[in-house]
Each structure stands twice: as C-alpha cells, then as structure tokens.
Amino acid sequence: MITAGVLSLQGDVSEQVSHTKAAMHDLNLDGCVLEVKVKKEFKDINALIIPGGESTTIGKLLKEYGLGEEIKKLARKNIPVMGTCAGLIMLGKDTNNANALGLMDMEAERNAFGRQKESFEVDINIPRIGETPYHAVFIRAPVIKKPSEKIEILAEYKNKVVMAQENNLLAVAFHPELTEDLRVHKYFLELIKR
Ligand code: GLN
C-alpha cells in the first residue's frame, strides 16, 4: 500500500490529488493520496508532490510550519519528490527564494517566459515518458538554470530546461495536473522503490 502526499500549503492541490489518484489507478497501484501540511503527516508517505502556486508564499509557509526539514528528510531517504512550477523553484538552490530547499543541484529562474499573460500551451518532447509529444501548460513558468552534471535533463523548450531529474527528485516547469495526459504522474510514481 503506497501513500502519496501532496503538500497543501498553497496552490493547485486538488488537481494534483486527482491526477495522482488517476495515475495510481492506471498503474494498478494499491495506494492513496493525502494532502499533507502538518509534520506528523510526512512520516509515512512514499512520495511527495510540491504543487504549483506562488513560490514566495509556499516558501514562507514552509518555514513557518517547519516543514522544509521534513521534506529534506524524505528526500534523504530516497523518497521521490516532484516539484511542479512553483514546486520546482522550491527544489532548487536558494538563489532567488530564501526558503528554497536546495535539494537539487540547480537554480530556478522565475517567470522565465514572462508574466501571466505570456502563459501558453505547447507540445514538447519528453523522450523518457514516451515518443508521443506531451501537451504542456506553462503558467508564469520558471526554467532550470545552471544544472550541475548530477542533473538529467528530461525536456527542453526554446533551449531552456523545463524538466529534469536528480535521482529521486523530479522538477517540472509546467503543470502536468492540468492536462488529461497522466504520463508525468505515472513516471513519478514509478520512481517509488518497491
Ligand atoms: N511564477 C510563480 C512563482 O514564482 C510560479 C507559477 C506557478 O506555479 N504556476 O512562484
């Protein structure tokens, strides 16, 4: 029985919950999805998603509730952690967000494609999840900068890195919970060691 947690401080939590449930169902995984926001809820989870939203707010709340350390502990135990959009920013170094977790050896550039009105949808190639192009929704999206050699680049758009992995950690600049395609969530759940 697998328990996936979705950090529920701020952002598009409910979409992440429903997508993760659907992906578990497709993969025939016996599991459940929990919204997590107090320390004790982090103890027994097998995977964690940090959703998109507003990274400044998520960072402040992480600090206020003392949850950064809980997430670091999970990552050290090789538990998969996926950060999407603002969540990606939290996984990177603290160069532009003082509360970023610095779990992945990379920096994030916020709003790298422009502000809200420059949000867009586009088909990109993510060979790791299959040959069919993936329809990605970018909303005030960040990109990954200065990835070290430890980071595997999984997707680029306009020569900018928009999806990357470092062992159990997955950083996604777009919003996989806003499209019907479940491949990103399935790929993430398959990182759980069983
Ligand atoms: N631009 C937002 C930030 O910096 C992220 C946007 C999103 O998560 N959709 O926090």
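Structure first, text after, so check above.
In this text, all values refer to a predicted model and were calculated from it rather than measured experimentally.

A.B. asks: Account for the overall build of the chain, naming residues and giving values.
C.D. replies: Secondary structure summary: the chain contains 5 helices and 11 strands in total. Relative to its length of 194 residues, the chain is compact, with a C-alpha radius of gyration of 15 Å against a globular reference of 16 Å. Overall, the chain is about 40 × 35 × 35 Å in size when its C-alpha atoms are taken along their principal axes. In the chain, which comprises 194 residues, the share counted as buried stands at 55%. For the chain, the computed accessible surface area is about 9,000 Å², with 47% contributed by carbon and sulfur atoms. Positive and negative charge centroids in the chain, built from 26 and 27 side chains respectively, lie 6 Å apart.

A.B. asks: Could you give me a rundown of helix α2 (residues 55-64), with the residues and numbers involved?
C.D. replies: Where α2 is concerned, the buried positions are Ser55, Ile58, Gly59, Leu61 and Leu62. Seen along its axis, α2 keeps its buried residues to an arc of 170°; they face one direction. Along α2, the residues that are exposed and aim more than 90 degrees away from the buried face are Lys60, Lys63 and Glu64. Check the buried side of α2 and you find it contacts β1 (2-7), α3 (68-76) and α4 (86-91).

A.B. asks: Lay out the nonpolar core with the relevant residues and their values.
C.D. replies: If you look at soluble globular proteins, the nonpolar side chains tend to sit buried side by side. Among the nonpolar cores identified, the biggest contains 70 residues, and Leu7, Leu48, Ile71, Ile124, Val162 and Phe174 are the most heavily contacted of them. It is α4 that contributes the most residues to this core, 5 residues altogether. If near-sequence neighbours (up to four positions away) are discounted, phenylalanine 174 is found in contact with Thr84, Cys85, Ile124, Ile126, Tyr134, Ala136, Val137, Phe138, Val162, Met163 and Val184.

A.B. asks: Give me the packing of aromatic side chains: which residues, what numbers.
C.D. replies: Under the defined criterion, the tally for this structure stands at 8 aromatic pairs. Geometrically, the ring pair formed by phenylalanine 120 and phenylalanine 138 is stacked, given 4.8 Å between the ring centres and 15° between the ring planes. Taken together, the residues phenylalanine 120 in strand β6 (residues 120-124) and phenylalanine 138 in strand β7 (residues 134-138) connect sequence positions 18 residues apart. The class of phenylalanine 120 is partly exposed, set by a relative accessible area of 22%. Assessed through its relative accessible area of 1%, phenylalanine 138 is described here as buried. Through a chain of ring-to-ring contacts, the aromatic side chains of Phe113, Phe120, Tyr134, Phe138, Tyr157 and Phe174 assemble into a single cluster. Above the face of the phenylalanine 113 ring, lysine 160 is positioned so that its terminal group lies 5.7 Å from the ring centre.

Conventions we followed
For every chain, the first residue of the written sequence is number 1, and numbering continues from 1 onward in sequence order. It should be noted that, the model being predicted, local features are given only for residues of pLDDT at least 70 and side-chain atom pairs only at 80 or more, the latter also being counted only at that level, while totals for whole chains, interfaces and linings use all residues. Heavy atoms throughout the structure, all of them, feed into the side-chain values; hydrogens and water do not. Secondary structure elements are taken from DSSP: a helix is a run of H or I of four residues or more, a strand is a run of E of two residues or more, and numbering for both begins at the N terminus. Only C-alpha atoms enter the radius of gyration, while the globule expectation follows 2.2 Å times N to the 0.38, with N the number of residues. Per-residue accessibility, obtained with a 1.4 Å probe over protein chains only, is compared with the maximum for each type, and a residue is labelled buried under 20%, exposed over 50%, and partly exposed between these values. Per-residue and other accessible areas were derived by the Shrake-Rupley procedure at a 1.4 Å probe size, with only the shown protein chains allowed to occlude residues. Neither His nor the chain termini are counted; the positive set is Lys and Arg, and the negative set is Asp and Glu. Here the site of a charge means NZ on Lys, CZ on Arg, CG on Asp, or CD on Glu. Think of it as the arc spanned by the lines of direction from the helix axis to the C-beta atoms. In this description, contact between two residues means that some pair of their heavy atoms is separated by no more than 4.5 Å. To define a nonpolar core, start from buried Ala, Val, Leu, Ile, Met, Phe, Trp, Tyr and Cys residues and group those joined through side-chain atoms within 4.5 Å. Here the aromatic set is Phe, Tyr and Trp, taking the six-membered ring for Trp, and pairing holds for ring centres within 6.5 Å; pairs whose planes are under 30 degrees apart are stacked, those over 60 apart are edge-to-face, and all others are tilted. Sitting over a ring, as applied to charges here, requires NZ of Lys or CZ of Arg to be within 6 Å of the ring centre and within 35 degrees of the ring normal.

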